[in-house]
Amino acid sequence: MNFTGIVIGLCTFLIIGMFHPLVIKAEYYLGKQCWWIFLLAGILFAVLSLFIPDEWSVISGVVAFSSFWSILELFQQEKRVKKGWFPENPARKRKA
C-alpha cells in the first residue's frame, strides 16, 4: 500500500489549519504591513521545494503557496476586523 497521497493530504490539511490562526495573530499584533514576511517565506519555501526530494518537496510547495495565499488573507483579515468580526488590538493605532 502507498500512503504517500494520504500523508501529503494530511500535511496539507494541517498546514492550512496552521496558517489560519497565524494570519489572524499576525494581523492582530503586526498589522497588514507584515505581508512581506509571508512573501519571503513563500519564496524561500518555493525555492527550497526545488532542491529537496519527493514528498518533502510537495509539502514545501504547499507551505510556499499557503504563505502566498496568506498575503491576501492578511488584507481580508483587516477588513474583517473593521467590520467587528475579529477583535482589534488596542495597543496598535489603526489609520482611518
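Residue positions are counted from 1 within each chain, in the order its sequence is given. Totals for whole chains, interfaces and linings use every residue, but because this is a predicted model, local features are given only for residues with pLDDT of at least 70 and side-chain atom pairs only at 80 or more, for both listing and counting. Side-chain measures here rest on the full set of heavy atoms in the structure, leaving out hydrogens and waters.

K.L.:
Any chance you could explain the overall build of the protein here in plain terms?
P.N.:
On a plain count of helices and strands, the protein comes out with 3 helices and 0 strands. Helices (α) and strands (β) of the protein occur, in sequence order from the N terminus, as α-α-α. Restricting the calculation to C-alpha atoms gives the radius of gyration, and the globule rule supplies 2.2 Å times the number of residues raised to the power 0.38. Over its C-alpha trace the protein gives a radius of gyration of 16 Å, far above what one expects of a compact globule, namely 12 Å for 96 residues. Taking the principal axes of its C-alpha atoms as reference, the protein extends roughly 55 × 25 × 15 Å. Excluding contacts between residues fewer than 6 apart, the proportion of contacts in the protein whose partners are at least 24 apart in sequence is 68%. What counts as a helix is a DSSP run of H or I of at least four residues, what counts as a strand is a run of E of at least two, and both are numbered from the N terminus. Only heavy atoms matter for contacts: two residues are in contact if any of them lie within 4.5 Å across the pair.

K.L.:
What's the story with the packing of helix α2 (residues 35–49) against helix α3 (residues 54–82) in this structure? I'm lost.
P.N.:
When two helices pack together, you describe them by how their axes are tilted relative to each other and by the distance separating the axes. The axes used here are C-alpha line fits, helices contributing only the stretch in contact, and every angle between their N-to-C directions lies in the interval 0 to 180 degrees. Remark: α2 packs on α3, axes separated minimally by 8 Å, with the N-to-C direction vectors making an angle of 160°. One way to sum up the angle between α2 and α3 is to call them roughly antiparallel. Crossing angle aside, the handedness with which α2 passes α3 is left-handed. Between α2 and α3, the contacting residues are Trp-35, Phe-38, Leu-39, Ala-41, Gly-42, Ile-43, Phe-45, Ala-46, Leu-48 and Ser-49 on the first element and Ser-57, Ser-60, Gly-61, Val-63, Ala-64, Ser-67, Phe-68, Ser-70, Ile-71, Leu-74 and Phe-75 on the second. Considering only residue class, the contact of α2 with α3 consists of 14 nonpolar, 7 polar and no charged. If an angle is under 35 degrees, it is roughly parallel; if it is over 145, roughly antiparallel; if it lies from 65 to 115, roughly perpendicular; otherwise it is oblique. Left-handed is the label given to a crossing in which the near helix is rotated counterclockwise from the far helix by less than a right angle, and right-handed is the label when the rotation is clockwise. Polar here means any residue outside two lists: the nonpolar Ala, Val, Leu, Ile, Met, Phe, Trp, Tyr, Cys and Pro, and the charged Asp, Glu, Lys and Arg; Gly therefore counts as polar.

K.L.:
What is the right way to look at the packing of helix α1 (residues 4–29) against α3 in this model?
P.N.:
The contact between α1 and α3 brings their axes to 8 Å, and the two run at 30°. Between α1 and α3, the angle falls in the class roughly parallel. Pair α1 / α3 crosses with right-handed handedness. The class makeup of the residues in the contact of α1 with α3 is 14 nonpolar, 6 polar and 4 charged.

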